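Structure at a glance
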Amino acid sequence: MAKTGKDYFGMNRVLSIILAIIPITAFILGFVTRLMEGKIVAALLRLLLGWNIIWLVDLVLMIVNGRIMRLLNV
């Protein structure tokens, strides 16, 4: 599925940053975002590892450029 806009379903940047600050919300939205992109392996890695370092990196990247980390593009 093609992406049209920023991460977290094209929401505005302030709302995306607020959602990224909350760990469980960032975990779920990061997983769903990668699934919607059709990146199954990356979504599974987020499911397994998304609660720790990936959350912190996503938070920083969301603040800096409005997108979550693309560790694996598979």
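Every value quoted in this text rests on a predicted model; they were computed, and no experiment measured them. (Residues numbered from 1 in each chain as written. Predicted model: local features only at pLDDT ≥ 70, side-chain atom pairs only at ≥ 80, totals over all residues. Heavy atoms only, no water.)

Here we look at the overall build of the chain
Cut-off, in case you're wondering: For the purposes of this entry, the term helix denotes a DSSP run of H or I that reaches at least four residues, the term strand denotes a run of E that reaches at least two, and both are numbered from the N terminus. The rule is simple: take the accessible area with a 1.4 Å probe, protein chains only, and divide by the maximum for that residue type; under 20% is buried, over 50% is exposed, in between is partly exposed. Contacts are assigned to residue pairs with any non-hydrogen atoms lying within 4.5 Å of each other. Each accessible area is a Shrake-Rupley estimate made with a 1.4 Å probe; only the visible protein chains count as cover when residues are assessed.
The secondary structure content of the chain amounts to 4 helices and 0 strands. Counting helices and strands in the order they occur from the N terminus, the chain gives α-α-α-α. Classification of the 74 residues of the chain by burial places 32% in the buried group. In the chain, of all internal contacts separated by at least 6 residues, the share reaching a separation of at least 24 is 58%. About 4,400 Å² of surface is accessible on the chain, with carbon and sulfur atoms providing 78% of the total.

As for a nonpolar patch on the surface
Rule in force here: The patches described consist of residues with a relative accessible area above 30% and no salt bridge, like charges being joined within 9 Å and nonpolar side chains (Val, Leu, Ile, Met, Phe, Trp, Tyr) within 5 Å. The term salt bridge refers to a side-chain nitrogen of Lys or Arg lying within 4 Å of a carboxyl oxygen of Asp or Glu.
Together, Val 14, Leu 15, Ile 18, Ile 21, Ile 22, Ile 24 and Ile 28 line one region of the surface with nonpolar side chains, adding up to about 620 Å² of accessible area. Broken down by secondary-structure element, the contributors of at least two residues to the nonpolar patch are helix H1 (13–21) and helix H2 (23–36). It is H1 that contributes the most residues to the nonpolar patch, 4 residues altogether. Along the chain, Leu 15 falls in helix H1.

Topic: the nonpolar core
Here is the rule: Note on terminology: a nonpolar core comprises buried Ala, Val, Leu, Ile, Met, Phe, Trp, Tyr and Cys residues joined through side-chain atoms within 4.5 Å.
Grouped together as the largest cluster of nonpolar side chains are 10 residues: Tyr 8, Ile 17, Leu 19, Ala 20, Ala 26, Leu 29, Trp 55, Leu 59, Met 62 and Ile 68. Counting only elements with at least two residues in this core, the list comes to H1, H2 and helix H4 (53–65).

Considerations on H1
We apply this condition: Read the arc as the range of directions from the helix axis to the C-beta atoms.
When we look at burial in H1, the residues that qualify are Ser 16, Ile 17, Leu 19 and Ala 20. The buried residues of H1 occupy an angular sector of 165 degrees when the element is viewed end-on, so they sit on one face.

Read these as spatial facts, not as claims about activity.
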